[in-house]
Each structure stands twice: as structure tokens, then as C-alpha cells.
Amino acid sequence: QVQLVESGGGLVQPGGSLRVSCAASGFTFSNYAMSWYRQAPGKERELVAAITSAGISTYYADSVKGRFTISRDNAKNTVYLQMNSLKPEDTAVYYCNARYKDYKWDYTYWGQGTQVTVSS
């Protein structure tokens, strides 16, 4: 059974830091690109950061570049998002996404989300 379980969300003051984690099971984690998305109330879900299967390349949305860092530990089947210098506009539910795509197959899995609230 495929599972993506996010943890580490919570309430943090503006300027603070938070690290969210996503523990994967039920599939070959090291074959999948991993991403973090977020969805704020009344807004569409947006891609925040992504990392390739071996962790060689990363991508960041302009809104978080220089403040957020995505990383993964394939030995622990876990992907992380370190968030620094948090702003109120970073408030959202953060979702973990796993994707494997080749010429024949396209698999995507989602976690249940973890709430991050940035407020004083």
C-alpha cells in the first residue's frame, strides 16, 4: 500500500523556520521524483519545490527561492522541505508528491497534507 505521510507542520512566527518531512512507503522511493506543493485557502495548489530521484537537481518557485530547501534521504525514504525566513503568505497546507514517468508509465501519489501557519 502506497503511503506518503507528511509531518512537521505547525504555527510559526514571521521570520521563523520550520522543516516538514514526508515519509514514503509502498513503492521504490529512489525511482521517484519528489515535490512539495502548497494550497492556501481560496487558491489553487501550486508547486513549491521539486527534487529528482537521485537528488541531483532541484527546482524552486520564485516565491520561495533562497528561503526554502528541498532534500531527500533515499536510505530513509524521506523527503524534506526546510523553510526559513517564513512569511505570512507562506501559510498553506503543504502536500508531498511522488511521481514516476517514463515512455510507458506515469504514476503519481499524494500525501494528506500538513498545515503550516505563519502568524504573529
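Residues numbered from 1 in each chain as written. Predicted model: local features only at pLDDT ≥ 70, side-chain atom pairs only at ≥ 80, totals over all residues. Heavy atoms only, no water.

## Structural notes on the overall build of the protein chain
For step 1, the next point in the chain: A tally of helices and strands in the protein chain yields zero helices and eleven strands.
For step 2, the next point in the chain: A compact globule built from 120 residues should have a C-alpha radius of gyration of about 14 Å, and the protein chain, at 14 Å, falls within 12% of that.
For step 3, the next point in the chain: For the C-alpha atoms alone, the extent of the protein chain along its principal axes is close to 45 × 25 × 25 Å.
For step 4, the next point in the chain: Here the protein chain, with 120 residues, has 38% of them falling under the buried criterion. (Helix = DSSP H or I, 4+ residues; strand = E, 2+ residues; numbered from the N terminus. Rg over C-alpha atoms; globule rule 2.2 N^0.38 Å. Buried < 20%, exposed > 50% of the residue type's maximum accessible area, 1.4 Å probe, protein only.)

## Remarks on the sheet that holds strand 7 (residues 68-73)
For step 1, the next point in the chain: The strand order across the open sheet built from four strands is 1-3-8-7, with neighbouring strands paired in antiparallel fashion. Two strands in the sheet have a free side with no partner beyond their single neighbour: strand 1 (3-7) and strand 7. Pairs of neighbouring strands in the sheet enclose a mean axial angle of 15°, with direction left out of account.
For step 2, the next point in the chain: Relative to strand 8 (residues 78-83), strand 7 is paired through six bridges, and the arrangement is antiparallel. By the bridge assignment for strand 8, R72 is matched with V79. (Pairing = 2+ DSSP bridges. Axes fitted to C-alpha atoms, helices over the stretch in contact; angles between N-to-C directions.)

## A word on the nonpolar core
Looking at soluble globular proteins, one finds that nonpolar side chains tend to be buried together.
For step 1, the next point in the chain: Judged by nonpolar contacts, the single largest core of 30 residues is most densely connected at M34, W36, V79, L81, M83 and Y94.
For step 2, the next point in the chain: Of all the secondary-structure elements, those providing two or more residues to this core are strand 3 (18-25), strand 4 (33-39), strand 5 (46-51), strand 7, strand 8, strand 9 (92-101) and strand 11 (114-118).
For step 3, the next point in the chain: Among residues more than four places away in sequence, those in contact with Y94 are E6, W36, Y37, R38, V48, F68, L81, M83, G113, T114 and V116. (Core = buried A, V, L, I, M, F, W, Y, C linked by side-chain atoms within 4.5 Å. Contact = heavy atoms within 4.5 Å.)

## Some words on unusual backbone geometry
For step 1, the next point in the chain: Backbone geometry at N77 places phi at a positive 55°, although glycine is not the residue there.
For step 2, the next point in the chain: Mapped onto the elements of the fold, N77 is located in the loop between strand 7 and strand 8.
For step 3, the next point in the chain: In this structure, S85 is a non-glycine residue whose phi angle is positive, near 50°.
For step 4, the next point in the chain: The exposure class assigned to S85 is partly exposed, which follows from its relative accessible area of 41%.

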